[in-house]
Amino acid sequence: MDAWDLGLLTIAATGAGAVNAVVGSGSLITFPALIAMGYPPILATVSNNVGLVPGMGSAVYGYRRELTGQRPLLLRLAAAAGIGALIGSLLLLSLPSAWFQKIVPILIGTACALVILQPVLARRLAAERRRGGAGLGLGVFGTGIYGGYFGAAQGVVLIGLLGALTTEDLQRLNAVKNALALTVNLVAAIVFVSVTTVDWYVAGIVAAGSTVGGLLGSRYGRLLSPVALRGTIAAVGLLAMADLIARSW
């Protein structure tokens, strides 16, 4: 890796950390950068995943105030996310990815629709919704599988599920999303470090950049209004869907 690549990856990692804190989909910045530098897809995915863990930790720290009072819900959902991540990371190491990549754009598109329609759904489901029910747990489990397998835009999926099936405001849901995404990436990273090769130089650069980006993203993302945050989530999700469609077809 020359100085140009080092600078490019550092900038990409910082941007990814900020995007992950506000929306999720930071891997759509760092993963293509690594591929452009000539890294094999699996090595790029694994090293990127490991490197983004500290950045997600800094995003959780930045949103710590919004996590107040949400511990019972978070603990239940973190268990589902962690088990899903374990399954997804093992699938990445054992199965071809072509079939899964064709499903991912549909999942992201559905999540974007949930984010956009969240106020309407909230009103219609207010009389029936139960905080943190089985449906939400199953959705988070499925998202954990996806996150452990590939991970790009898992935050969009999570925020869509949380917005449709819980009663919290969007900023507090974003804090939960960050914590769940950290859980998924941490479990997957443990699996990858244990059983496959990680490029630690790449992971270190991504870790440093994404940590700074996570702090910046959480600082300024918390200032966004619900409408602005919802629009940002939807826009990034649609871009992620278009990118993945292009890659899978």
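Here the focus is the overall build of the chain. Within the chain, the regular secondary structure consists of 10 helices and zero strands. Along the chain direction, N to C, the helices and strands of the chain fall in the order α-α-α-α-α-α-α-α-α-α. Put simply, of all contacts in the chain between residues at least 6 apart along the chain, 84% involve residues at least 24 apart.

The next point concerns the packing of aromatic side chains. What the rule picks out here adds up to one aromatic pair. On the numbers, 5.7 Å between centres and 90 degrees between planes, the contact of Phe31 with Phe150 is edge-to-face. Taken together, the positions of Phe31 in helix H2 (residues 27-36) and Phe150 in the loop between helix H6 (134-149) and helix H7 (154-165) put the pair 119 residues apart, joining distant regions of the chain. Over the ring of Tyr61 we find Arg64, and its NZ or CZ is 4.0 Å from the ring centre.

In this model, H7 (12 residues) spans 17 Å end to end at C-alpha, consistent with the 16 Å of a helix rising 1.5 Å per residue. Across the 12 residues that make up H7, a large majority, 11, are buried. Regarding H7, the residues found buried are Gln154, Gly155, Val156, Val157, Leu158, Ile159, Gly160, Leu161, Leu162, Gly163 and Ala164.

Moving on: the packing of helix H1 (residues 3-22) against H2. Close contact between H1 and H2 brings their axes to 7 Å; oriented N to C, the two are set at 155 degrees. Considering their axes alone, H1 and H2 lie roughly antiparallel with respect to each other. Of the two elements, H1 crosses H2, and the hand of that crossing is left-handed. Of the residues in H2, those touching H1 at Leu9, Ala12, Ala13, Gly15, Ala16, Val19 and Asn20 are Ser27, Ile29, Thr30, Ala33 and Leu34. Tallied by class, residues from the contact of H1 with H2 come to eight nonpolar, four polar and no charged.

You can see Gly38 is positioned in the loop between H2 and helix H3 (41-62). In this structure, the C-alpha to C-alpha distance between Gly38 and Met1, residues 37 residues apart in sequence, is 9.9 Å.

Below, the discussion takes up the environment of Leu238. Its place among the elements puts Leu238 in helix H10 (residues 226-248). For Leu238, a relative accessible area of 42% puts it in the partly exposed group. Residues Leu238 and Ala111 lie 127 residues apart in sequence; the distance between their C-alpha atoms is 9.5 Å.

Time to look at the nonpolar core. Ranked by size, the top nonpolar core spans 62 residues in total, and within it Leu9, Leu34, Leu77, Ile108, Leu136, Val140 and Leu180 carry the most contacts. In terms of residue count, the dominant contributor to this core is helix H8 (residues 170-195) (12 residues). Once you skip the residues sitting within four places of it in the chain, Leu9 turns out to touch Met1, Leu34, Met37, Val202, Ile205 and Val206.

Packing of H7 against H8 leaves a shortest axis separation of 9 Å and a crossing angle of 135 degrees. Comparing their axes, H8 and H7 come out oblique. For the pair H7 and H8, the crossing hand works out as right-handed. Contact residues: Gln154, Gly155, Leu158, Ile159, Leu162 and Gly163 in H7; Leu170, Leu173, Asn174, Val176, Lys177, Leu180, Ala181, Val184 and Asn185 in H8. Here the residues of the contact of H7 with H8 sort into nine nonpolar, five polar and one charged.

With that out of the way, let us pick up a nonpolar patch on the surface. Together, Val212, Leu216, Tyr220 and Leu223 make up a nonpolar patch on the protein surface, roughly 420 Å² of accessible area in all. Relative to the helices and strands, Val212 is located in helix H9 (residues 200-221). Owing to a relative accessible area of 46%, Val212 belongs among the partly exposed residues under this scheme.

Below, the discussion takes up H2. One full turn of an α-helix is made of 3.6 residues, so residues set three or four places apart face in the same direction. Within the span of H2, buried status applies to Ser27, Leu28, Thr30, Phe31, Ala33 and Leu34. Gly38 lies just past H2 and shows a positive phi near 100 degrees.

This paragraph deals with the environment of Met241. As for its placement among the helices and strands, Met241 is situated in helix H10. The sequence separation of Met241 and Ile108 amounts to 133 residues, and the corresponding C-alpha distance is 6.0 Å. Excluding anything up to four places from it in sequence, Met241 contacts Pro105, Ile108 and Gly109.

About the thresholds
- Residues numbered from 1 in each chain as written.
- Predicted model: local features only at pLDDT ≥ 70, side-chain atom pairs only at ≥ 80, totals over all residues.
- Heavy atoms only, no water.
- Helix = DSSP H or I, 4+ residues; strand = E, 2+ residues; numbered from the N terminus.
- Contact = heavy atoms within 4.5 Å.
- Phe/Tyr/Trp six-rings, centres within 6.5 Å; stacked < 30°, edge-to-face > 60°.
- Lys NZ or Arg CZ within 6 Å of the ring centre and 35° of its normal.
- Expected span 1.5 Å × (residues − 1).
- Buried < 20%, exposed > 50% of the residue type's maximum accessible area, 1.4 Å probe, protein only.
- Axes fitted to C-alpha atoms, helices over the stretch in contact; angles between N-to-C directions.
- Parallel < 35°, antiparallel > 145°, perpendicular 65-115°, else oblique.
- Left-handed = near helix turned anticlockwise from the far one by under 90°.
- Nonpolar A, V, L, I, M, F, W, Y, C, P; charged D, E, K, R; others polar.
- Core = buried A, V, L, I, M, F, W, Y, C linked by side-chain atoms within 4.5 Å.
- Patch = residues over 30% accessible without salt bridge, like charges linked within 9 Å, V, L, I, M, F, W, Y side chains within 5 Å.
- Areas by Shrake-Rupley, 256 points an atom, 1.4 Å probe, with all protein chains shown as cover.
- Salt bridge = Lys/Arg side-chain N within 4 Å of Asp/Glu carboxyl O.

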